[in-house]
Amino acid sequence: MMTPMRYILLVLGVIISIHYILSFTHEEYGKATSISNIAEQWTGPKSNPPYKTPLPDEYYKPDSPMHSQDRKANASFVMLVRNSDLSGIMSSMKQIEDRFNRKFQYPYVFLNDEPFTQNFKDHIQALTNTTVEFGVIPSDHWHQPSWVDEDRASKSRDDMVRNNVIYGGSVPYRNMCRFNSGFFYRHELLQKYRYYWRVEPDIKLFCDVDYDPFLVMQDQNKVYGFTISLYEYQATIPTLWNVVKSFINANPDFVAPGNAMGFLSDDGGESYNLCHFWSNFEIADLDFWRGEAYSKFFEYLDEQGGFYYERWGDAPVHSIGAALFAKKEQIHFFNDIGYRHEPFQHCPQGDVHAKGKCWCDPGQNFDYEWYSCLNRYDKIFS
């Protein structure tokens with residue numbers, strides 16, 4: 001006779017056998033009873049960063065130019081340049097046209113703190129068949145405000161020069177950072193647009209962009225897109241995070257649920273880890289900067305004078321604003337846009353490199369170097 005224990009073992013053996021048979025013959029049963037699925041019931045599902053989900057084929061276009069009836073976003077390229085930057089910006093624009101805009105035909109807006117020469121305009125307009133507009137920046141949007149204590153600002157610049165801080169002694173650089181942080185999107189030539197792609201002189205665009213990133217931003221409700229992220233120089237922003245904390249403590253309702261604070265801070269916001277998106281490449285939503293949260297944020301920062309008493313850059317200011325006032329899913333890494341701005345570059349890897357016909361060396365890729373913050377971006381989705 002069989003003992004009770006043998007009956008138990010026999011029944012367990014039959015149950016296990018039936019389980020394995022059903023797992024192999026019924027796919028849905030196998031998924032439902034898998035260890036990973038059962039674990040998710042306790043820990044919640046794991047998610048990947050959004051850029052690891054391939055774009056639907058509908059976004060891709062053949063090599064022929066777009067027809068007038070093709071769907072487009074309300075968007076423009078934005079280039080802040082001087083007349084002396086002509087050669088460098090022509091190089092950048094030629095790559096934009098060859099790799100993307102010859103098909104998609106988005107307009108360009110050029111901005112300068114002084115009028116563009118006719119020679120500059122002629123050379124730029126010869127590179128494209130689409131609309132190009134040239135604008136002058138209002139003086140009060142560009143120059144150091146009169147209320148800034150120049151003695152204090154000058155002493156700060158001298159200290160930075162002695163400490164070899166990059167652009168530490170430059171007032172024009174500070175003007176540019178302040179303008180890009182809080183004024184470029186107010187320019188009259190940009191008022192009719194919703195999205196922009198920022199382009200600077202002497203960049204390299206390594207890959208064919210055969211889809212419309214503006215439509216991706218629009219359709220997926222993204223507000224900010226980047227290709228490179230890295231650490232800021234602490235010496236340029238010694239008080240910035242304290243000012244940020246003061247603002248969000250006074251305006252907690254502006255902080256979005258599900259935000260990307262984890263990209264900025266390793267201790268829940270007590271301190272800043274210096275990570276930011278490198279803003280010389282941006283594809284972003286102008287209405288986000290125009291919104292109440294970011295507008296009041298910039299005004300508060302500006303009132304502290306840190307753009308001139310220190311050397312606050314538009315990269316950390318934009319990054320902090322996007323990370324706090326948008327959901328983390330609204331910040332997008334354009335993994336398939338190969339890009340270089342000296343001295344760093346993002347070079348797509350594997351199949352993405354091949355699909356984009358990229359000409360960068362995959363071995364020369366900043367993504368996970370020690371000074372890159374991409375791993376922190378990835379972690380906020382895990």
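Within each chain, residues carry numbers counting from 1 in the order of the written sequence. Residue-level local features of this predicted model are given only where pLDDT is at least 70; pairs of side-chain atoms are given and counted only at 80 or more, and the full residue set underlies all totals for whole chains, interfaces and linings. To obtain the side-chain values, all non-hydrogen atoms of the structure were included, while hydrogens and water were left out.

Novice: Summarise the side chain of His-276; cite the residues concerned and give the values.
Specialist: Along the polypeptide, His-276 turns up in strand β8 (residues 275–277). Polar contact criterion, stated in full: a pair of N or O atoms within 3.5 Å, where within protein one must be able to donate a hydrogen and the other to accept it, and residues adjacent in sequence count only if both atoms are side-chain atoms. Engagement of the side chain of His-276 in a polar contact is seen with the backbone nitrogen of Glu-232, the distance being 3.4 Å. When near neighbours in sequence (up to four residues on either side) are disregarded, His-276 contacts Ser-229, Leu-230, Tyr-231, Glu-232, Phe-263, Ala-315, Pro-316 and Ser-319. Numbered from the N terminus, helices here are DSSP runs of H or I no shorter than four residues, and strands are runs of E no shorter than two. A contact between two residues is defined here by any heavy atoms of the two lying within 4.5 Å.

Novice: Now, about the state of the cysteines: what can you tell me, with residues and values included?
Specialist: In plain terms, two cysteine sulfur atoms within 2.5 Å form what is called a disulfide here. Taken as a whole and judged by the stated rule, the model has 3 disulfides. Through a disulfide, Cys-207 is tied to Cys-358; the S-S separation comes to 2.0 Å. On the sign convention where negative is left-handed, the bridge of Cys-207 and Cys-358, at about 110° about the S-S bond, is right-handed. On the criterion of sequence distance, the pair formed by Cys-207 in the loop between β5 (204–205) and α9 (213–219) and Cys-358 in the loop between α16 (350–355) and α17 (374–379) is long-range, its members being 151 residues apart. We note that Cys-207, like Cys-358, is buried. The disulfide bridge from Cys-275 ends at Cys-373, spanning 2.1 Å between sulfur atoms. Because the torsion about its S-S bond is -85°, the bridge between Cys-275 and Cys-373 counts as left-handed. Residue Cys-275 is found in strand β8, and its partner Cys-373 is found in the loop between α16 and α17; the two are separated by 98 residues along the sequence. Summary of the burial criterion: residues with accessible area below 20% of their type's maximum are buried, those above 50% are exposed, and those between are partly exposed, where the area comes from a 1.4 Å probe applied to protein chains only.

Novice: How would you summarise the sheet that holds strand β12 (residues 344–346) if you had to cite specific residues and measurements?
Specialist: Spatially, 3 strands are ordered β5-β11-β12 in an open sheet, and the strand pairing comes out antiparallel. Across the chains shown, the open sheet's two edge strands, defined by having one partner strand only, are β5 and β12. The pairing of strand β11 (residues 339–341) with β12 spans 3 bridges and is antiparallel. Looking at the pairing, Tyr-339 lines up with His-346 of β12. If DSSP finds at least two bridges between two strands, the strands pair.

Novice: Help me get a handle on the pattern of salt bridges, residues and values and all.
Specialist: The term salt bridge refers to a side-chain nitrogen of Lys or Arg lying within 4 Å of a carboxyl oxygen of Asp or Glu. Counting across every chain of the model gives 18 salt bridges. Across the pair Asp-159 and Arg-162 runs a salt bridge, and its minimum N-O distance is 2.1 Å. With a gap of 3 residues between them, Asp-159 and Arg-162 both fall in helix α7 (residues 150–162), about one helical turn apart. The class for Arg-162 is exposed, based on a relative accessible area of 58%. Salt-bridge contacts for Arg-198 lead to Glu-200; the nearest nitrogen and oxygen are separated by 2.6 Å. Residue Glu-200 is classed as buried on the basis of its relative accessible area, which comes to 16%. Overlapping salt bridges, with partners in common, bring together Arg-194, Asp-285, Asp-287 and Arg-290 in one network.

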